[in-house]
Amino acid sequence: MEVTSRGEAHLELNAFRRKHDCALVISGDSLEVCLKYYEHEFVELACQCPAVVCCRCSPTQKAHIVTLLQQHTGRRTCAIGDGGNDVSMIQAADCGIGIEGKEGKQASLAADFSIRQFRHIGRLLMVHGRNSYKRSAALGQFVMHRGLIISTMQAVFSSVFYFASVPLYQGFLMVGYATIYTMFPVFSLVLDQDVKPEMAMLYPELYKDLTKGRSLSFKTFLIWVLISIYQGGILMYGALVLFESEFVHVVAISFTALILTELLMVALTVRTWHWLMVVAEFLSLGCYVSSLAFLNEYFGIGRVSFGAFLDVAFITTVAFLWKVSAITVVSCLPLYVLKYLRRKLSPPSYCKLAS
């Protein structure tokens, strides 16, 4: 498209609007005229085209195009460049990719991501970008679940005791729950992947599924909230019902079931196991079991008020083990069943490729 005046721009835009499935090619001078008089109409028309080529543009025009796309579409933009004249465009975009080339490293230094060859963009988006989105979504929602489930247990515990201001877990238990007891398995989720890199490159449609927002949305957030409330209620009420005669040990009972539930929930979330995930699971469980030997003063309700301590002989009894196992199974087994049924009845796209 070549225009030099407002009248020509009006005629060309109307003529191009009547065409279908055509790429738009426009020079920098013509682009300046169109944006000066028909900015909104031009951007709306450009967004409907399968491809738009703006040739011989100044650095300011490149950055302006990126800004217009952000304002008129409300979508995230990605700018790719290999020279110093692309720096302003890269910095204006939500995501900038710089290519190290013969024109120097100015673009790569100003970008969010730096690559050596243009063909590496496919792997950056289809493999690393897709995995980053899915892993971040799983990690963020699981961290939320980890905090909400223990809050639910405290709420249930307080309601049973007429909302008395007595904390369920004190001291190192709270610190250990957020760190060494659950930290390694939760953060090992960053190693998870649903398909192999070769499969993700072969089927770009997998990347397109991310635009539907199924991995991170209000729906998934509410699902994790309901899961946290269900499991927190089951763990606390189960500990109170099954151990009514040994009520002084309710902290050790509920906390043990809580740790096992968190470890099983990580296993439920994982799609492809990595050997470091297995190490993280057993390392966290080993840290908790070994800590029982020297943290017995923390396993009593109101340890300052009642002087309750953990009886090591009690936790080695068969009754303790099977009851804790029963509480954990009730809190996790329904979720495993639902996950199995969902994958059978409505499998995600990556499951179809794997099969």
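Since the structure is predicted, the reported quantities are computational estimates derived from the model, not experimental observations.

Conventions we followed
Residues numbered from 1 in each chain as written. Predicted model: local features only at pLDDT ≥ 70, side-chain atom pairs only at ≥ 80, totals over all residues. Heavy atoms only, no water. Helix = DSSP H or I, 4+ residues; strand = E, 2+ residues; numbered from the N terminus. Expected span 1.5 Å × (residues − 1). Buried < 20%, exposed > 50% of the residue type's maximum accessible area, 1.4 Å probe, protein only. Contact = heavy atoms within 4.5 Å. 1 Å grid on protein atoms, 1.4 Å probe; cavity = no way out; pocket = protein on both sides within 12 Å on 5 of 7 lines; lining within 4 Å. Points joined across faces, edges and corners; volume = space filled by probe spheres on them. Nonpolar A, V, L, I, M, F, W, Y, C, P; charged D, E, K, R; others polar. Phe/Tyr/Trp six-rings, centres within 6.5 Å; stacked < 30°, edge-to-face > 60°. Patch = residues over 30% accessible without salt bridge, like charges linked within 9 Å, V, L, I, M, F, W, Y side chains within 5 Å. Areas by Shrake-Rupley, 256 points an atom, 1.4 Å probe, with all protein chains shown as cover. Salt bridge = Lys/Arg side-chain N within 4 Å of Asp/Glu carboxyl O. Axes fitted to C-alpha atoms, helices over the stretch in contact; angles between N-to-C directions. Parallel < 35°, antiparallel > 145°, perpendicular 65-115°, else oblique. pLDDT = per-residue confidence, 0-100.

Engineer: Explain helix α4 (residues 59-73) to me, please; I cannot follow it from the model alone.
Structural biologist: Because an α-helix completes one turn every 3.6 residues, residues spaced three or four positions apart along the sequence face the same direction. Here α4 spans 22 Å end to end across 15 residues, near enough to the 21 Å set by a 1.5 Å rise per residue. All buried positions along α4 are accounted for by Gln61, Lys62, Ala63, Val66 and Leu68. On its buried face, α4 is in contact with α2 (28-37), α3 (39-48) and α5 (87-92). At the exit of α4 stands glycine 74, carrying a positive phi of roughly 70 degrees.

Engineer: Whenever I open this one, the layout of surface pockets confuses me. Can you help?
Structural biologist: Picture a little ball the size of a water molecule; that probe, rolled over the atoms, points out where space is still empty. There is about 1,700 Å³ of room inside the largest pocket. Arg76, Thr77, Cys78, Ala79 and Cys95 are, among the 39 residues lining the largest pocket, the residues nearest its centre. No other element matches helix α7 (residues 120-160), which puts seven residues into the lining of the largest pocket. Taken together, the residues of the lining of the largest pocket break down into 27 nonpolar, six polar and six charged.

Engineer: What exactly am I supposed to notice about the packing of aromatic side chains here?
Structural biologist: The description of two aromatic rings rests on the distance between their centres and on the angle between their planes. The full count for this structure, using the stated rule, is five aromatic pairs. Where phenylalanine 142 meets tryptophan 224, the ring centres are 5.6 Å apart and the plane angle is 70 degrees; that geometry is what we call edge-to-face. Of this pair, phenylalanine 142 sits in helix α7 while tryptophan 224 sits in helix α12 (residues 218-242), and the two are 82 residues apart along the sequence. An identical accessibility class is assigned to phenylalanine 142 and tryptophan 224; each is buried. Between tyrosine 181 and tyrosine 288, the ring centres sit 5.3 Å apart and the planes meet at 90 degrees, which makes this aromatic pair edge-to-face. Here tyrosine 181 is found in the loop between α8 (172-178) and α9 (183-187), whereas its partner tyrosine 288 is found in helix α14 (residues 275-291), with 107 residues between them in sequence. Residue classification places tyrosine 288 among the buried positions, given a relative accessible area of 3%. The rings of Tyr177, Tyr181, Phe255 and Tyr288 are connected pair by pair, giving a single aromatic cluster.

Engineer: Just to check I follow, could you spell out a nonpolar patch on the surface for this structure?
Structural biologist: On the surface, a nonpolar cluster with roughly 870 Å² of combined accessible area is contributed by Leu264, Val329, Leu333, Tyr336, Val337, Leu338, Tyr340, Leu341 and Leu345. The element best represented in the nonpolar patch is helix α17 (residues 318-345), accounting for eight residues. In this fold, leucine 341 is placed in helix α17.

Engineer: I tried to follow unusual backbone geometry on my own but got confused; where do I start?
Structural biologist: Among all residues save glycine, negative phi is the norm, and among peptide bonds the norm is trans. Phi at aspartate 21 takes a positive value of approximately 55 degrees, unusual for a residue other than glycine. Structurally, the position occupied by aspartate 21 is in the loop between α1 (6-17) and β1 (24-27). A relative accessible area of 70% means that aspartate 21 is categorised as exposed.

Engineer: I tried to follow the packing of α3 against α4 on my own but got confused; where do I start?
Structural biologist: Packed helices, taken two at a time, are described by the angle between their axes plus the distance between the axes. It is at 10 Å that the axes of α3 and α4 come closest, and there the two elements cross at 85 degrees. Here α3 is positioned roughly perpendicular relative to α4, judged by the angle of their axes. Across the interface between the two elements, Glu39, His40, Val43 and Cys47 from α3 touch His64, Leu68, Leu69, His72 and Thr73 from α4. For the contact of α3 with α4, the per-class residue count stands at four nonpolar, four polar and one charged.

Engineer: Explanation requested: empty space enclosed by the protein in the structure shown.
Structural biologist: Taken as a whole, this structure holds one cavity of 30 Å³ or more when the rule is applied. The computed volume of the largest cavity comes to approximately 30 Å³. Residue contributions to the lining of the largest cavity peak at four residues, all from α7. Residues belonging to the lining of the largest cavity are distributed by class as follows: five nonpolar, two polar and two charged.

Engineer: Could you clarify how one ought to interpret the confidence of the model for the chain in this entry?
Structural biologist: Here the chain shows a mean pLDDT of 85. Residues at 70 or above account for 92%. Overall, residues 301-309 carries pLDDT values under 50, and its contacts beyond four positions in sequence, including any with other chains, amount to 21 contacts.

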